[in-house]
Amino acid sequence: MSERKVLNKYYPPDFDPSKIPKLKLPKDRQYVVRLMAPFNMRCKTCGEYIYKGKKFNARKETVMNELYMGLPIFRFYIKCTRCLAEITFKTDPENTDYSMEHGATRNFQAEKLIEQEETKIVRDREEEELNNPMKVLENRTRDSKLEMEVLENLQELKELNQRQATPDFEGMIGQARELEQREKEREREEDERETQEMLGRALMKRLRDSDSDSDQEEKPSEAPPREAPPPASSVDRPTDILTTVKPSEAQGPSVGGVKKAKVERWEKSVGKLGGGGALSSLVVRRKPAAAPPAGCISKPGPKGIPTANSVNAAPLAVHSSSLSLLGAYSDSESE
């Protein structure tokens, strides 16, 4: 059994290649190939646009009796995607492009045709000037005249525009306002920048001052001079403080001021006179005796104090503070 993939085939000794029959095919036969549209085109039958890069199953054939420098030219047949009309185009090796032949028109072809026409005119002119010096002089003269005419027309157009031109006052005012606005914005930015710099300097100064204050606080401060102790009091008894008058108070203008100072000193040391203290219930203030009724005889006691021999004598009911009585007693002694 022979191998499926062989590289060397067996040729018998009596093999003659000339005896092999040859297959005769027509030269203009067609092949089915898969290609993409080489350019944008529009169908002439239905107006459908066929864009570059669209894929088709095309038929390919060799154009008979057309060669370019020995290179064959091929023709392709495709069908419109909408109406199935036949469209043909050929290869163009001279311009390394494709040329439309039948069934459609190529888009964006006008610019290319103009460029080709200009190139053809320039080439024909160079060929004429190459063999005819007089033609060169005529072409130069014609070019100079054409250039002068173009410059004159341009100057006339400029003068016409200047005569018909009207000043745009609104535009001028708008430009002036825009310049003024820009100037104001620039000044405002400068002011803001200066303000920021001033604030920064003030902040730095404040920080330096605070640092110096903290340094001073950290240093040991000198002790303040002590005040001289008050002179020894000549008071012998503890109760003499109530009657003792300071030198500043002794120089008072009147006796009322001295009494007021003594009352303030008493309230500061002992308490407010007349207040309801713990001893307020032990001392009773005697009410003034009422007029005796008819038939009652009241005998005067010692020092003019009436006695309570009357039946209708009123009991002592009003309570007063012992401290207030003591203060009144001390005032009577000082007087």
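Just above sits the structure.
Residues numbered from 1 in each chain as written. Predicted model: local features only at pLDDT ≥ 70, side-chain atom pairs only at ≥ 80, totals over all residues. Heavy atoms only, no water.

As for the overall build of the chain
Reasoning step 1: Within the chain one finds 6 helices and 10 strands.
Reasoning step 2: Counting contacts in the chain only where the partners sit at least 6 residues apart, residues at least 24 apart contribute 44% of the total.
Reasoning step 3: Carbon together with sulfur atoms contributes 55% to the accessible area of the chain, which is approximately 29,500 Å² in total. (Helix = DSSP H or I, 4+ residues; strand = E, 2+ residues; numbered from the N terminus. Contact = heavy atoms within 4.5 Å. Areas by Shrake-Rupley, 256 points an atom, 1.4 Å probe, with all protein chains shown as cover.)

Description of the state of the cysteines
Reasoning step 1: Scanning all chains against the criterion turns up 0 disulfides.
Reasoning step 2: Cys83 provides the cysteine sulfur closest to Cys46, a residue in no disulfide bond, and the two sulfurs are 3.5 Å apart.
Reasoning step 3: Overall, Cys46 belongs to the partly exposed group, its relative accessible area being 26%.
Reasoning step 4: Classification of Cys83 as partly exposed rests on a relative accessible area of 29%. (Disulfide = S-S within 2.5 Å. Buried < 20%, exposed > 50% of the residue type's maximum accessible area, 1.4 Å probe, protein only.)

Notes on unusual backbone geometry
Reasoning step 1: The phi dihedral of Leu84 is positive, around 60°, even though this residue is not glycine.
Reasoning step 2: Turning to its location among the elements, Leu84 is positioned in the loop between strand E5 (71-79) and strand E6 (86-92).

Concerning the environment of Tyr68
Reasoning step 1: Residue placement: Tyr68 occurs in strand E4 (residues 55-68).
Reasoning step 2: The exposure class assigned to Tyr68 is partly exposed, which follows from its relative accessible area of 28%.
Reasoning step 3: Taking the C-alpha atoms as reference points, Tyr68 and Asp92, 24 residues apart in sequence, are found 8.8 Å from one another.

Some thoughts on the packing of helix H1 (residues 110-131) against helix H2 (residues 133-164)
Reasoning step 1: H2 packs onto H1 with a crossing angle of 130° between their chain directions and a minimal axis gap of 5 Å. Looking at the two axes, H1 sits oblique to H2. Between H1 and H2, the contacting residues are Arg125, Glu128, Glu129 and Asn131 on the first element and Pro133, Lys135, Val136, Asn139 and Asp143 on the second.
Reasoning step 2: Considering only residue class, the contact of H1 with H2 consists of 2 nonpolar, 2 polar and 5 charged. (Axes fitted to C-alpha atoms, helices over the stretch in contact; angles between N-to-C directions. Parallel < 35°, antiparallel > 145°, perpendicular 65-115°, else oblique. Nonpolar A, V, L, I, M, F, W, Y, C, P; charged D, E, K, R; others polar.)

Regarding the nonpolar core
Reasoning step 1: Of all hydrophobic cores here, the largest spans 15 residues; its most connected members are Leu35, Met41, Ile50, Ile78, Ile87 and Phe89.
Reasoning step 2: Of all the secondary structure elements, the ones that give two or more residues to this core are strand E2 (41-43), E4, E5 and E6.
Reasoning step 3: Beyond its immediate sequence surroundings of up to four residues, Phe89 is in contact with Leu35, Pro38, Phe39, Phe74, Arg75, Phe76, Ile78, Tyr98, Ser99, Met100 and Glu101. (Core = buried A, V, L, I, M, F, W, Y, C linked by side-chain atoms within 4.5 Å.)

Topic: a negative patch on the surface
Reasoning step 1: A contiguous patch of negative charge on the surface is contributed by Glu111, Glu115, Glu117, Glu118, Asp124, Glu126, Glu127 and Glu128.
Reasoning step 2: For Glu117, a relative accessible area of 44% corresponds to the partly exposed category. (Patch = residues over 30% accessible without salt bridge, like charges linked within 9 Å, V, L, I, M, F, W, Y side chains within 5 Å. Salt bridge = Lys/Arg side-chain N within 4 Å of Asp/Glu carboxyl O. Lys, Arg positive; Asp, Glu negative; His and termini not counted. Charge placed at Lys NZ, Arg CZ, Asp CG, Glu CD.)

A short note on the sheet that holds E4
Reasoning step 1: A sheet is described by the order of its strands in space; here 5 strands give the open sequence E1-E4-E5-E6-E7, paired in antiparallel fashion. The sheet terminates laterally at strand E1 (31-36) and strand E7 (97-102), the two strands that pair on one side only. For this sheet, the mean angle separating the axes of adjacent strands, direction not counted, is 40°.
Reasoning step 2: Pairing of E5 with E6, which is carried by 5 bridges, proceeds in the antiparallel orientation. Counted as the bridge partner of Ile78 is Ile87 from E6. (Pairing = 2+ DSSP bridges.)

Details of the packing of aromatic side chains
In this description, a pair of aromatic rings is defined by centroid distance and the angle of the planes.
Reasoning step 1: Summed over the entire model, instances satisfying the criterion amount to 5 aromatic pairs.
Reasoning step 2: On the basis of an interplanar angle of 55° and a centroid distance of 5.3 Å, the ring pair of Tyr11 and Phe15 is categorised as tilted.
Reasoning step 3: Aromatic ring contacts, followed pair by pair, group Phe39, Phe76, Phe89 and Tyr98 into a single cluster.
Reasoning step 4: Positioned above the aromatic ring of Tyr77, the side-chain terminus of Arg59 is 4.6 Å from the ring centre. (Phe/Tyr/Trp six-rings, centres within 6.5 Å; stacked < 30°, edge-to-face > 60°. Lys NZ or Arg CZ within 6 Å of the ring centre and 35° of its normal.)

Notes on the side chain of Lys90
Reasoning step 1: Mapped onto the secondary structure, Lys90 falls in strand E6.
Reasoning step 2: Of the residues examined, Lys90 reaches a relative accessible area of 16% and is grouped as buried.
Reasoning step 3: A polar contact is formed between the side chain of Lys90 and the side chain of Glu66, at a distance of 3.4 Å.
Reasoning step 4: Sequence-distant contacts of Lys90, that is, excluding residues within four places in its chain, are made with Val63, Glu66, Ile73, Phe74, Arg75, Tyr98, Ser99 and Glu101. (Polar contact = N/O pair within 3.5 Å; in protein donor to acceptor, adjacent residues only side chain to side chain.)

Some points on the pattern of salt bridges
As a working rule, side chains carrying opposite charge can pair if their charged atoms are close by.
Reasoning step 1: What the rule picks out here adds up to 12 salt bridges.
Reasoning step 2: Close ionic contact of Glu61 with Arg75 constitutes a salt bridge, the shortest N to O distance being 2.9 Å. Linking Glu61 in strand E4 with Arg75 in strand E5, this pair joins segments that are 14 residues apart in sequence. Arg75 matches Glu61 in its accessibility class, with the two residues each being buried.
Reasoning step 3: The salt bridge partner of Glu129 is Arg125, with a shortest N-O separation of 3.1 Å. With Glu129 and Arg125 both in helix H1, this residue pair falls 4 residues apart, about one helical turn.
Reasoning step 4: Overall, the relative accessible area of 25% leaves Glu129 in the partly exposed class.

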